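Chain residues, written in single-letter form:
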Amino acid sequence: MGWWLVNADTLAESRFVISPLAEATACLWTLEKASGAHPGEREWLDEHLPAYRARLAGDPITALLLKAARGRSWTADFLTPAPTGEGDPAFEEELSRVRATPPEIAHADIEVALRSPLPTALRRYDLPERAAGLLEWVWTRTVLPDWPRRRRIMEADVVARVGHLSQGGWAAALNDMRKGMRWLGGNRLQINTYDYPPRRIGGARLMFVPVTHRQAWTAWTSGRHYALVYPCSGTLAEPDRAPAPEALGRLLGPARARVLVLLAAPKSTTHLVALTGQGLGSVGRHLRVLLDAGLVRRRRAGRSVLYYRTPLGDALAASDAEARTAGEGPGGTLRPSGGR
């Protein structure tokens, strides 16, 4: 299996980072795979896959480059630079690192991914520019129009994982992050199940990077920046717009109950406004009451403040669900409370 030896200082300085380039790359891999992991992803593919295929059909060199750089168990390093973790870089700033790759480095990275010599058709100086151009197309056409919502989903995942970390340590925060990854203890982090030699990353910056598609990979740059890209727990599926359970609505009021139900996963005020259709002032008042009652808490994530349910809020929502389940017959319909 592949695992990293992470010293205490590196672990203490590790952080969660949101990367527009990583999100665009995850979208590119999903388009290349042409299959979705859930209904929201499949709907997204239905919308964008025809144009993507047309784009590659008109550019066979870039199509060959992508196939070669995306090896069976290794991706050409220049395509997936690790974020630096400095500030909040724009997509264009991150993409410039791909575009500035020296051609000879791109050639060498592709040969590692292929495990064979570079194909004759790819012995060109413009491979980094072509790769950057494709990523820019994916970003502009498929990511940018929906970037605010995608970012909220990723920020919510970060808040949830930081909460797991504070309550249960690194094992609780990392073990379900991506397939094959788990905390082994003794400063050992298993990153996949491949038979790779251990890698010592002491003295480097380690970052965990969420993306909204079901994609995952590792990245490192010059032995100083390491990144583990993982699929966050939120998806691009349409939100559940069903009303709040009737009993909970009678207790809290239907609008406030709806806010509490939606906070099973962390969300910002603007996200709640979009989901509920309520005004910003109304949602703010509901959140204040729920905060004062100890049913929700809040935490800052980047530029957003995210709200999430407390154990008491979870218990209240769960007890309402249990009460409704107890009143259902085998066929899932309500039983009468008395009589035959």
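Residues numbered from 1 in each chain as written. Predicted model: local features only at pLDDT ≥ 70, side-chain atom pairs only at ≥ 80, totals over all residues. Heavy atoms only, no water.

Quick look at the overall build of the protein chain
Here comes step 1: Summing up its helical and strand segments, the protein chain has 13 helices and eleven strands in all.
Here comes step 2: By sequence separation, contacts in the protein chain at least 24 residues apart represent 64% of the contacts at least 6 residues apart.
Here comes step 3: Surface exposure of the protein chain reaches about 16900 Å², of which carbon and sulfur atoms provide 53%. (Helix = DSSP H or I, 4+ residues; strand = E, 2+ residues; numbered from the N terminus. Contact = heavy atoms within 4.5 Å. Areas by Shrake-Rupley, 256 points an atom, 1.4 Å probe, with all protein chains shown as cover.)

Focus on the pairing of strand β7 (residues 217–221)
Consecutive side chains of a regular strand alternate in pointing toward one face of the sheet and then the other.
Here comes step 1: Counting buried residues along β7, four of its five residues qualify, which places the element largely inside the surrounding structure.
Here comes step 2: When β7 meets strand β8 (residues 225–231), the two strands line up antiparallel, connected through five bridges. Residue pairing in the sheet places alanine 219 in a bridge with alanine 227 of β8.
Here comes step 3: Where β7 folds back on β8, the antiparallel hairpin that results is connected by three residues, among which serine 222 adopts a positive phi of roughly 55°. (Buried < 20%, exposed > 50% of the residue type's maximum accessible area, 1.4 Å probe, protein only. Pairing = 2+ DSSP bridges.)

Topic: the sheet that holds β7
Here comes step 1: Taken together, four strands build an open sheet; the order of strands is β2-β6-β8-β7 and the sheet is mixed. Two strands lie at the open edges of the sheet, namely β2 (15–16) and β7, each paired on one side alone.
Here comes step 2: The pairing of strand β6 (residues 205–211) with β8 spans seven bridges and is parallel. Along β8, the bridge assignment pairs methionine 207 with alanine 227.

Quick notes on helix α3 (residues 39–57)
Here comes step 1: In this model, α3 (19 residues) spans 27 Å end to end at C-alpha, consistent with the 27 Å of a helix rising 1.5 Å per residue.
Here comes step 2: Its maximal kink placed at histidine 48, α3 deviates by approximately 45°, while the proline proline 50 follows within four residues.
Here comes step 3: Within α3, the full set of buried residues consists of Gly40, Glu41, Trp44, Leu45, His48, Leu49, Tyr52 and Leu56. (Expected span 1.5 Å × (residues − 1). Bend = angle between axes of the 7 residues up to and from the residue.)

Observations regarding the nonpolar core
Here comes step 1: Membership of the largest hydrophobic core comes to 72 residues, with the highest contact counts inside it found for Trp4, Tyr52, Phe78, Ile110, Leu174 and Phe208.
Here comes step 2: Broken down by element, the residue count for this core peaks at nine residues, all from helix α7 (residues 127–143).
Here comes step 3: Ignoring any residue separated from it by four or fewer positions in sequence, one finds phenylalanine 78 in contact with Leu65, Val98, Thr101, Ala106, Asp109, Ile110, Pro128 and Ala131.
Here comes step 4: Residues Val259, Leu262, Val283 and Val296 belong to the second largest nonpolar core, which totals 16 residues. (Core = buried A, V, L, I, M, F, W, Y, C linked by side-chain atoms within 4.5 Å.)

Some points on the environment of alanine 131
Here comes step 1: Position of alanine 131 relative to the elements: it lies in helix α7.
Here comes step 2: With a relative accessible area of 5%, alanine 131 lands in the buried category.
Here comes step 3: Ignoring any residue separated from it by four or fewer positions in sequence, one finds alanine 131 in contact with Leu65, Phe78, Leu79 and Val98.

Brief notes about the confidence of the model for the protein chain
Here comes step 1: Counting all residues, the mean pLDDT for the protein chain is 83, and 88% of those residues have values of 70 or more.
Here comes step 2: Here helix α13 (residues 311–326) stands out as the least confident element of the protein chain, with mean pLDDT 68; α7 is the most confident, with 97.
Here comes step 3: Every residue in residues 236–241 scores below 50 in pLDDT, and together they form 17 contacts with partners more than four places removed in sequence or on other chains.
Here comes step 4: Scored below 50 in pLDDT, residues 323–340 shows nine contacts in the model against residues more than four places distant or in partner chains. (pLDDT = per-residue confidence, 0-100.)

Topic: the packing of aromatic side chains
Here comes step 1: A full pass over the atoms with the stated rule returns nine aromatic pairs.
Here comes step 2: Their ring planes at 80° and their centres at 6.5 Å tell us that phenylalanine 16 and tyrosine 230 sit as a pair that is edge-to-face. Residue phenylalanine 16 is located in strand β2, and its partner tyrosine 230 is located in strand β8; the two are separated by 214 residues in the primary sequence.
Here comes step 3: Between tyrosine 52 and tryptophan 137, the aromatic rings sit 6.4 Å apart at their centres with planes inclined by 45°, giving tilted as the arrangement. Separated by 85 residues along the polypeptide, tyrosine 52 in helix α3 and tryptophan 137 in helix α7 bring together distant segments of the chain.
Here comes step 4: Put simply, the rings of Trp4, Trp74, Trp220 and Tyr226 touch in pairs and so form one group of aromatic residues. (Phe/Tyr/Trp six-rings, centres within 6.5 Å; stacked < 30°, edge-to-face > 60°.)

Considering the pattern of salt bridges
Here comes step 1: Applying the stated criterion to the full structure yields 14 salt bridges.
Here comes step 2: Measuring nitrogen to oxygen at the nearest pair gives 3.0 Å for the salt bridge that ties arginine 99 to glutamate 129. Taken together, the residues span a long stretch of sequence, with arginine 99 in helix α5 (residues 91–99) and glutamate 129 in helix α7 at a distance of 30 residues.
Here comes step 3: Here arginine 99 falls in the partly exposed class, since its relative accessible area comes to 31%.
Here comes step 4: Assessed through its relative accessible area of 40%, glutamate 129 is described here as partly exposed.
Here comes step 5: We note a salt bridge from aspartate 146 to arginine 150, for which the minimum N-O separation is 3.9 Å.
Here comes step 6: A residue is classified by how much of its surface remains accessible, and arginine 150, at 0% relative accessible area, is buried.
Here comes step 7: Overlapping salt bridges, with partners in common, bring together Arg55, Asp59, Arg124, Asp126 and Arg130 in one network. (Salt bridge = Lys/Arg side-chain N within 4 Å of Asp/Glu carboxyl O.)

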